[in-house]
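Per-entry structural report
Okay, here's what each chain looks like letter by letter:
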Amino acid sequence: MKIIVDIMSGDKAPLEMLLGVERAVTQDFSNGVSYTLVGDESIIRSLAAEHKIDISKYEIKHTDIVLTMEDDPLTVMREKKDSSLGLGLQLLAKGEGDAFVSAGNTGALFSGSSLIVKRVPGIQRAGIGALLPLTNPVMLIDSGASVRPNEDYMVGFAVMGNAYMKALYGVDVPRVALVNNGTEEHKGTELQQAVYAKLSESTLVNFVGNIEGNKLPLGECDVAVADGFTGNVVLKTIEGMGKLLSGEIKAMFGSGLGGALAYLLMRKKLKNFKKKFDAKEHGGAPILGLSKTVIKAHGSSDAKAFSNAIRQAINCVNSGVVDIIAAEAKKMAEEKLAAQNTADNDASKSNE
């Protein structure tokens, strides 16, 4: 297996990205995995020498062009197509790797992935799936790419999230819910109501109805389907609450002797608590619906978070989730056609 890595993109690039790859190499999940580093070769070699990293074990694809967070998403297809992000996607599309990991511009990575790597047949719109840092992992899809999706896109999100939780987390029958402002089927905008109706009729997912924001952290679903605007707000809110809780719990122990002793007694449990609700542990968000694995690492990723994003890419490849989604997409198209035929027949009978 070969993982292509964008070394130059991200708030802490290129050093933390390079250290993240080096960290990944030392982990068990990296056995049998090789890496292609995409970026400015002179900078990569200089950092490797400074931090005593054996660079000979990596393949380097040189480019000194960097796509910034401020660039327009379609820049990756135009004047910066040979940036580290753009070149990495081209290498993936050509079959020179099995997965691509980048902490770069989300819009550019999403657009570039869809246009360069391309979607699997039957998927109308790829979706960014984020694993919410909760007691039991919840796949939130879409979490930022499609702020104005249609109902067919969102049914696709449900099917892809369902396949992901089966393939990577071993959930036999994932509970799929629609993020909404109430549990009743008539709640939400016309979009949510239309999605509710289609998911209720689908045989491809175990749809459990609407879910409100206050129920999401309580383990009442395995896949949470949302439009990109709502999903991104939910994701950022939960990540922020995790940081707030960790900070407040730490502050409870104070700076005195009693607080220090209490902390020592609780240290292991507190460490596990922090790990459970730390978004860095999941590393990144898969862009589901593509013909190859692409992982969007958080823009502020440090070496640990970037290493976990690489781990996620490896797990996705090993799980075969891309092929599973392709098979489910075919079933989804067949189900849609059958529903249309039924509607046409009903309409024909009513006109007789």
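The following paragraphs examine the structure supplied in this document. (Residues numbered from 1 in each chain as written. Predicted model: local features only at pLDDT ≥ 70, side-chain atom pairs only at ≥ 80, totals over all residues. Heavy atoms only, no water.)

Points about the overall build of the chain
Each helix and strand counted, the chain has 10 helices and 11 strands in total. Against the 2.2 N^0.38 benchmark of 20 Å for 352 residues, the chain shows a C-alpha radius of gyration of 22 Å, consistent with a compact globule. Here the chain holds 352 residues, and 47% of them are scored as buried. Taken as a whole, the chain presents about 16800 Å² of accessible surface, with 52% of it coming from carbon and sulfur. One way to put it: in the chain the 39 positive side-chain charges average out to a point 6 Å from where the 42 negative ones average out. (Helix = DSSP H or I, 4+ residues; strand = E, 2+ residues; numbered from the N terminus. Rg over C-alpha atoms; globule rule 2.2 N^0.38 Å. Buried < 20%, exposed > 50% of the residue type's maximum accessible area, 1.4 Å probe, protein only. Areas by Shrake-Rupley, 256 points an atom, 1.4 Å probe, with all protein chains shown as cover. Lys, Arg positive; Asp, Glu negative; His and termini not counted. Charge placed at Lys NZ, Arg CZ, Asp CG, Glu CD.)

Examining the packing of helix α1 (residues 15–25) against helix α9 (residues 303–319)
The contact between α1 and α9 brings their axes to 7 Å, and the two run at 55 degrees. The angle between α1 and α9 places the two elements in the oblique class. Handedness of the crossing formed by α1 with α9: right-handed. On the side of α1, the interface is formed by Glu16, Met17, Leu19, Gly20, Val21, Arg23 and Ala24, while α9 contributes Ala303, Lys304, Phe306, Ser307 and Ile310. (Axes fitted to C-alpha atoms, helices over the stretch in contact; angles between N-to-C directions. Parallel < 35°, antiparallel > 145°, perpendicular 65-115°, else oblique. Left-handed = near helix turned anticlockwise from the far one by under 90°. Contact = heavy atoms within 4.5 Å.)

Considerations on unusual backbone geometry
Glycine aside, residues mostly have negative phi, and peptide bonds are mostly found in the trans state. For the bond from Ala13 to Pro14, the omega torsion is 0 degrees, close enough to zero to count as cis. Note that Pro14 resides in the loop between β1 (2–6) and α1. Of note, the bond from Ile141 into Asp142 is cis; its omega dihedral lies within 30 degrees of zero at 10 degrees. Within the fold, Asp142 resides in the loop between β6 (138–141) and α5 (151–169). Of note, Lys52 is a non-glycine position whose phi angle comes to about 55 degrees, a positive value. In this structure, Lys118 is a non-glycine residue whose phi angle is positive, near 75 degrees. Looking at the element boundaries, Lys118 is found in the loop between α4 (106–117) and β5 (127–132).

Some words on a nonpolar patch on the surface
A contiguous nonpolar surface patch, about 220 Å² in accessible area, is contributed by Leu74, Met77 and Leu115. Structurally, Leu74 is set in the loop between β3 (59–62) and α3 (84–93). The class of Leu74 is partly exposed, set by a relative accessible area of 30%. (Patch = residues over 30% accessible without salt bridge, like charges linked within 9 Å, V, L, I, M, F, W, Y side chains within 5 Å. Salt bridge = Lys/Arg side-chain N within 4 Å of Asp/Glu carboxyl O.)

Quick look at the packing of α5 against α9
Axes are the key here: two packed helices are described by the angle between their axes and the distance separating the axes. Where α5 meets α9, the axes come as close as 9 Å, and the angle between the chain directions of the two elements is 95 degrees. Taken as axis vectors, α5 and α9 run roughly perpendicular relative to one another. The residues of α9 that touch α5, namely those facing Tyr164, Ala167 and Leu168, are Gln312, Asn315, Cys316 and Ser319. Taken together, the residues of the contact of α5 with α9 sort by class into four nonpolar, three polar and no charged. (Nonpolar A, V, L, I, M, F, W, Y, C, P; charged D, E, K, R; others polar.)

Concerning the pattern of salt bridges
Counted by the stated rule, this structure contains 10 salt bridges. Arg45 is the salt-bridge partner of Glu41, the closest N and O atoms lying 3.0 Å from each other. Pair noted here: Glu41 and Arg45 are both in helix α2 (residues 41–50), with a separation of four residues, about one helical turn. Looking at Glu41, the relative accessible area reads 27%, which means it is partly exposed. A residue is classified by how much of its surface remains accessible, and Arg45, at 42% relative accessible area, is partly exposed. Taken together, the shared-partner salt bridges in this structure form one network comprising Lys2, Glu59, Lys61 and Glu96.

Re helix α6 (residues 190–201)
Its 12 residues give α6 an end-to-end C-alpha distance of 17 Å, which sits within 8% of 16 Å, the value for a rise of 1.5 Å per residue. Residues Leu191, Gln192, Val195, Tyr196 and Leu199 constitute the buried set of α6. Burial along α6 is one-sided: seen end-on, the buried residues are contained in an arc of 135 degrees. Opposite the buried face of α6, at more than 90 degrees from it, the exposed residues are Glu190 and Glu201. As for α6, its buried residues are in contact with α5, β7 (175–179) and β8 (206–211). (Expected span 1.5 Å × (residues − 1). Arc of directions from axis to C-beta.)

Remarks on the environment of Gly209
Counting through the fold element by element, Gly209 comes out in strand β8. According to the relative accessible area criterion, Gly209 is buried, its value standing at 6%. Taking the C-alpha atoms as reference, Gly209 lies 9.7 Å from Ala197; in sequence the two are 12 residues apart. When sequence neighbours within four positions are dropped, the list of residues in contact with Gly209 reads Val176, Ala177, Leu178 and Tyr196.

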